[in-house]
Amino acid sequence: MVEFVISDESKDRHGSVIPAQSWDVESFRGNPIAGWAHSVYGGRDWNPDNFIGRWEDVRVEGNQLVGALRFEDSETNPLAEKLFRKVQNGTINAVSVGFMPGAGHYGDEDQARGGKDQTYYYDSAELIEVSLVGIPSNKNARKKALENGDIPELIGELISEALGDKFTQEEIEKLTVKGLFTILRGSDAPEVEQAETGEEIDQETRDRHIKQVKAINNYLKLVEDYDTEREIRAER
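These figures come from a predicted structure and were not determined experimentally.

On to the packing of aromatic side chains. Summed over the entire model, instances satisfying the criterion amount to six aromatic pairs. Where phenylalanine 4 meets tryptophan 55, the ring centres are 5.8 Å apart and the plane angle is 70°; that geometry is what we call edge-to-face. Placement of the pair is phenylalanine 4 in strand E1 (residues 2–8) and tryptophan 55 in strand E5 (residues 51–61), with a sequence separation of 51 residues. Centre to centre, the rings of tryptophan 23 and phenylalanine 99 are 5.8 Å apart; their planes meet at 80°, and the pair counts as edge-to-face.

Per the counting criterion, the structure on display carries eight salt bridges. In this structure, glutamate 56 and arginine 70 form a salt bridge, with 2.8 Å as the shortest nitrogen-oxygen distance. Of this pair, glutamate 56 sits in strand E5 while arginine 70 sits in strand E6 (residues 64–71), placing them 14 residues apart in sequence. Since its relative accessible area comes to 25%, glutamate 56 is described here as partly exposed.

What follows covers the side chain of asparagine 77. On the secondary structure map, asparagine 77 appears in the loop between E6 and helix H2 (78–89). Among all residues touching asparagine 77, those that are not within four sequence positions of it are Asp49, Phe51, Ile52 and Glu72.

Moving on, we come to the sheet that holds strand E2 (residues 16–17). Pairing within the open sheet is mixed, and its three strands lie in the order E2-E9-E8. Every interior strand has two partners, whereas the edge strands, E2 and strand E8 (104–106), have only one. Pairing of E8 with strand E9 (residues 120–122), which is carried by three bridges, proceeds in the antiparallel orientation. Across the sheet, histidine 105 pairs through a bridge with tyrosine 121, a residue of E9.

Reading guide: rules and limits
- Residues numbered from 1 in each chain as written.
- Predicted model: local features only at pLDDT ≥ 70, side-chain atom pairs only at ≥ 80, totals over all residues.
- Heavy atoms only, no water.
- Phe/Tyr/Trp six-rings, centres within 6.5 Å; stacked < 30°, edge-to-face > 60°.
- Helix = DSSP H or I, 4+ residues; strand = E, 2+ residues; numbered from the N terminus.
- Salt bridge = Lys/Arg side-chain N within 4 Å of Asp/Glu carboxyl O.
- Buried < 20%, exposed > 50% of the residue type's maximum accessible area, 1.4 Å probe, protein only.
- Contact = heavy atoms within 4.5 Å.
- Pairing = 2+ DSSP bridges.

Next comes the structure, spelled out in structure tokens:
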């Protein structure tokens, strides 16, 4: 699951602004469509896999509309899994809204209709769908950075490097800090314990495990400081 800024109050590439308080999200919460490139409206090339997941916890925070995108699993939707990995890798990190416009007005002075900075303000907008896209209309509608550092990004890298293809996205999302630590130690746990206590074992093995343990502990300390025993989710 990945947190995004869905919209904010900056002027978009279409010359319009949707104030955060203008959003109507009640109907959307009953059908929280997450699409790929707005390809969710039907037509000759319609593909059910273009529905890549669902949005959760969509809400207004200050001057932003934010939400969390939960991607479908790889077995159900290979496209969703591919897009999730592209988000993890930073190749794609933006979203775009589909909405039903309500009343609105142009700004004053330079922002008036025909002015040099013509800007249209929506007084109401009903959210219909939110799609992952390559280029958003709102330049700030993208992956949300967390306060106190991008901890999920570090965890995403750690999981990708250490666990490889051994676990599915769903399994990873259910891991706790202790669970991840146990898995990373795996069958080498006895050697790791010996390396930490300095007991006599093969020097090469000891050095290798000490390096591994230090790297794991550094990452996990960051997570535990952020929120002890939180569920680790591969958010990028």
